[in-house]
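Chains, contacts and geometry: an overview
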Amino acid sequence: MTTLGIFLSLIFESLRFFAQVPPLDFLTGLQWSPQTAMREDQAGQSGAFGAVPVFLGTLMITGVAMLVALPIGLMIAFYLAEYAPARMRAAVKPAVELLAGVPTVVYGYFALLTVGPAIRGFAEAMGFAVPTQSAVAAGAVMGIMIIPFISSLSDDVINAVPQSLRDGAYALGATKSETLLRVVFPAALPGIVGAFLLGVSRAIGETMIVVMAAGRAANLSANPFEAMTTVTVQIVAVLTGDQEFDSPKTLSAFTLGITLFVVTLILNVIALIVVRSYRDRYE
Amino acid sequence: MVNDTALKLDVGRKFSEAAAVGGAVIDLAAAKAEEKAKFVCRGVRVHYGAKEALHGVDMDVPDAGVTALIGPSGCGKSTFLRVFNRMNDTIPGARVSGSVLMDGADIYAKGVDPVLLRARVGMVFQKPNPFPKSIYENVAYGPRIHGLAASRGELDAIVEGSLKKAALWEEVKDRLKEPGTGLSGGQQQRLVIARAIAVRPEVILMDEPASALDPIATARLEELIDELRKNYCIIIVTHSMAQAARVSQKTAFFHLGDLVEFGDTRAIFTNPKDQRTQDYITGRTG
């Protein structure tokens, strides 16, 4: 019911936006600069609402985040599920899950004040000029935030793999790692994919870290060391400050919002279906 | 003792047949098998934490034929079975003491890799546990990890040969790429037997392999066991006394962690020496 309300409010505002900006321009335009004239007599921009750079920014930062979170999260899950002694597992798992409870603003500080300058310093030492705010800094820190999602869910699905499968592999003379990589991992894969997709939708929706660490400039670039912006950041950007409520600039926020909503909804649905089909197989 | 067994009451189909063929012939075969023991167990104890599950078992498992381990639930028969391929090692808190010699070598000696031992001693479990992979991949798994096949062609041959030995080839040869979990229970159990055979073990352990199967699938499995015993030393745990009587040549009766009686299956069922065995096989306990 709440979902429906949110969805409808987004739909109505989006329709008003598309009354002023053609949908095709929004979906395929390469320039995003939503500044519109504040007064009728003011000279200047009419605004450009090409959302491609914004979406690409989201994609890039999400990609970096998952590159960090997936391998580390999976390794933690493998260790906890198959190798760690019970006492170690009881201590480490909640500790890792704590990462999920850190406010994202704090991650933002961390990205802006620690990771960003560190990357810049490293790049300068290598002879490149890199801004403090970059997609890499934001993505890496976001990846750290997502690690517990991946590790905790994957750990659960690995534990749900029936012991009989492990016994079967051991009885054939498989070592622990052979059993893990060639029997347990494939069996748990659907669940791990589900965990991955949930992590992705978390990354797409993340705002605070990106505002602080990746910047607001909608650059169209394939270089992850550039400052970039994401859908969520732009929503914040166009809605803060005072302007007419029915200007295309303000309304564009809702359109971006609905796009984001649809994408994460689809990802979550896929994740749920995948996880459920996995459960059916063993119960 | 040998001669009067045939006169005793008829416990299973097998014994009436045995009586018709003549007990002496069968006993010669049994005596021959006794010459060579595959496993020599002395004072085998298994602890789970502080609890002792097996209180010192002495037993010589013959190289040829089927040895059945019977007894009421919780008597230690499955625990004892898992001694032979060191599967108890995978249970936290489990400890095995005493000596178990396989072909004269202690399998619990320092430096013995349980992983290599398990390649020689295959195991089939109570519940069929095919991997969530194709039928082909299930059988190919063992040969792959042990590097038994140098080429795709060799691997194909191993898979086909193993499935044939497990009497499953005719049913699955046209759908080797389909998931092994899609087969019926009886077929799955034969699939995991094929999977075990594929690593060329010397011994196959079976832990109540028919308990999850219907009577027809059980009958097929028993036929298969009878076929396999020509090439493998088989040790089977079963809670069905009729099954033990049908498939095994030697039977061991366990009770509360003790090996009560061990001998020729026919003798155990027709002329048990111990009162506890007598009570169990006649259905008074268990």
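The paragraphs below set out a description of the structure included in this document. (Residues numbered from 1 in each chain as written. Chains lettered and ligands numbered in written order. Predicted model: local features only at pLDDT ≥ 70, side-chain atom pairs only at ≥ 80, totals over all residues. Heavy atoms only, no water.)

Summing up its helical and strand segments, chain A has 11 helices and two strands in all. Helices and strands in chain A line up, N terminus first, as α-α-β-β-α-α-α-α-α-α-α-α-α. Oriented by its inertia axes, the alpha-carbon framework of chain A measures out at about 80 × 50 × 30 Å. For chain A, the proportion of its 283 residues judged to be buried stands at 46%. Long-range pairs, those at least 24 residues apart, make up 74% of the contacts in chain A with a sequence separation of at least 6. Of the accessible surface of chain A, which amounts to about 13,600 Å², a share of 68% is contributed by carbon and sulfur atoms. Taking the average place of the 15 positive charges on the side chains of chain A and the average place of its 18 negative ones, the gap between the two points comes to 9 Å. (Helix = DSSP H or I, 4+ residues; strand = E, 2+ residues; numbered from the N terminus. Buried < 20%, exposed > 50% of the residue type's maximum accessible area, 1.4 Å probe, protein only. Contact = heavy atoms within 4.5 Å. Areas by Shrake-Rupley, 256 points an atom, 1.4 Å probe, with all protein chains shown as cover. Lys, Arg positive; Asp, Glu negative; His and termini not counted. Charge placed at Lys NZ, Arg CZ, Asp CG, Glu CD.)

Here the focus is the packing of aromatic side chains. All names here are of chain B. Evaluated as defined, the whole model comprises eight aromatic pairs over all chains. Here the aromatic rings of Phe-80 and Phe-84 are separated by 5.0 Å at their centres, their planes lie at 70 degrees, and the arrangement is edge-to-face. With a relative accessible area of 0%, Phe-84 lands in the buried category. Relative to Tyr-141, the ring of Phe-131 lies with its centre 4.9 Å away and its plane at 65 degrees, an arrangement referred to as edge-to-face. With a gap of 10 residues between them, Phe-131 in the loop between β6 (121-124) and α6 (135-145) and Tyr-141 in helix α6 connect regions that are remote in the sequence. Taken individually, Phe-131 and Tyr-141 each receive the classification buried, so the pair is uniform in this respect. Counting every residue linked through ring pairs, the aromatic cluster contains Phe-39, Phe-80, Phe-84 and Phe-254. (Phe/Tyr/Trp six-rings, centres within 6.5 Å; stacked < 30°, edge-to-face > 60°.)

This paragraph deals with the interface of chain B and chain A. Opposite the 23 residues of chain B that make contact, chain A presents 19 residues. With both sides pooled, the region where chain B packs onto chain A buries about 1,700 Å², and carbon together with sulfur makes up 65% of that total. The largest share of the area that chain B buries against chain A comes from B:Pro132, B:Tyr141 and B:Ile145, three residues that together contribute 31% of it. Here chain B is connected to chain A by zero salt bridges. Scanning the region where chain B abuts chain A turns up five residue pairs in polar contact (both at pLDDT 80 or more). (Buried area = accessible area lost by both parts, 1.4 Å probe. Salt bridge = Lys/Arg side-chain N within 4 Å of Asp/Glu carboxyl O. Polar contact = N/O pair within 3.5 Å; in protein donor to acceptor, adjacent residues only side chain to side chain.)

So, on to helix α6 (residues 135-160) of chain A. Given 3.6 residues per helical turn, the α-helix brings residues three or four places apart onto the same face. Residue and element names in this part refer to chain A. Over its 26 residues, α6 runs 36 Å from end to end, which matches the ideal 38 Å to within 8%, given 1.5 Å per residue. At Ile-146, α6 is bent by approximately 40 degrees, the largest bend along its length, and proline Pro-148 sits one to four residues beyond. For α6, the buried fraction is high: 20 of the 26 residues fall into the buried class. (Expected span 1.5 Å × (residues − 1). Bend = angle between axes of the 7 residues up to and from the residue.)

A separate point is the packing of α6(B) against helix α7 (residues 152-165) of chain B. Residue and element names in this part refer to chain B. The interhelical angle for the contact between α6 and α7, taken along N-to-C directions, is 110 degrees, at an axis separation of 9 Å. When the interaxial angle is binned, α6 and α7 end up roughly perpendicular. Like other packed secondary-structure pairs, α6 and α7 cross with a definite hand, here right-handed. Mapping the contact onto sequence places Ile-135, Tyr-136, Val-139, Ala-140, Pro-143 and Arg-144 in α6 and Arg-152, Leu-155, Asp-156, Ile-158, Val-159, Ser-162 and Leu-163 in α7. Here the contact of α6 with α7 is composed, by residue class, of nine nonpolar, one polar and three charged. (Axes fitted to C-alpha atoms, helices over the stretch in contact; angles between N-to-C directions. Parallel < 35°, antiparallel > 145°, perpendicular 65-115°, else oblique. Left-handed = near helix turned anticlockwise from the far one by under 90°. Nonpolar A, V, L, I, M, F, W, Y, C, P; charged D, E, K, R; others polar.)

Our focus in this paragraph is helix α5 (residues 104-126) of chain A. Residues and elements named next belong to chain A. Compared with an ideal rise of 1.5 Å per residue, which puts 23 residues at 33 Å, α5 spans 30 Å between its outermost C-alpha atoms and is within 8% of the ideal. At Ala-111, α5 shows its maximal kink, close to 40 degrees. Every buried residue belonging to α5 is among Tyr-107, Gly-108, Ala-111, Val-115, Gly-116, Ile-119 and Ala-123, and all of these are buried. In this structure, the buried residues of α5 make contact with α6 and α9 (208-213). Within two residues after α5, Gly-127 carries a phi angle of roughly 95 degrees, on the positive side.

Okay, the nonpolar core next. Counting residues in hydrophobic clusters, the biggest one holds 50 residues, and the most contacted among them are A:Trp32, A:Ile61, A:Met142, A:Ile146, A:Ile209 and A:Leu256. When residues in this core are grouped by element, the largest group, 10 residues, is from α6(A). Setting aside chain neighbours within four positions, we find A:Trp32 in contact with A:Phe26, A:Ala48, A:Phe49, A:Gly50, A:Ala51, A:Pro53, A:Val54, A:Ala218, A:Gln234, A:Ser252 and A:Leu256. Of all hydrophobic cores here, the second largest spans 45 residues; its members include B:Ile158, B:Val192, B:Tyr232 and B:Val247. (Core = buried A, V, L, I, M, F, W, Y, C linked by side-chain atoms within 4.5 Å.)

So, on to a nonpolar patch on the surface. A contiguous nonpolar patch, built from A:Met1, A:Leu4, A:Leu8, A:Phe12 and A:Leu15 and spanning about 600 Å² of accessible area, is present on the exposed surface. Mapped onto the elements, A:Leu4 comes out in helix α1 (residues 2-20). (Patch = residues over 30% accessible without salt bridge, like charges linked within 9 Å, V, L, I, M, F, W, Y side chains within 5 Å.)

Quick look at the pattern of salt bridges now. Oppositely charged side chains can pair when the atoms bearing their charge come close. Taken as a whole and judged by the stated rule, the model has 25 salt bridges over all chains. B:Arg152 is the salt-bridge partner of B:Asp156, the closest N and O atoms lying 3.8 Å from each other. With a gap of four residues between them, B:Asp156 and B:Arg152 both fall in helix α7, about one helical turn apart. Here B:Asp156 falls in the partly exposed class, since its relative accessible area comes to 31%. Relative accessible area serves as the criterion here: at 48%, B:Arg152 is assigned to the partly exposed category. Here the salt bridges do not stand alone but share partners, grouping A:Arg89, A:Lys93, A:Asp155 and A:Asp156 into one network.

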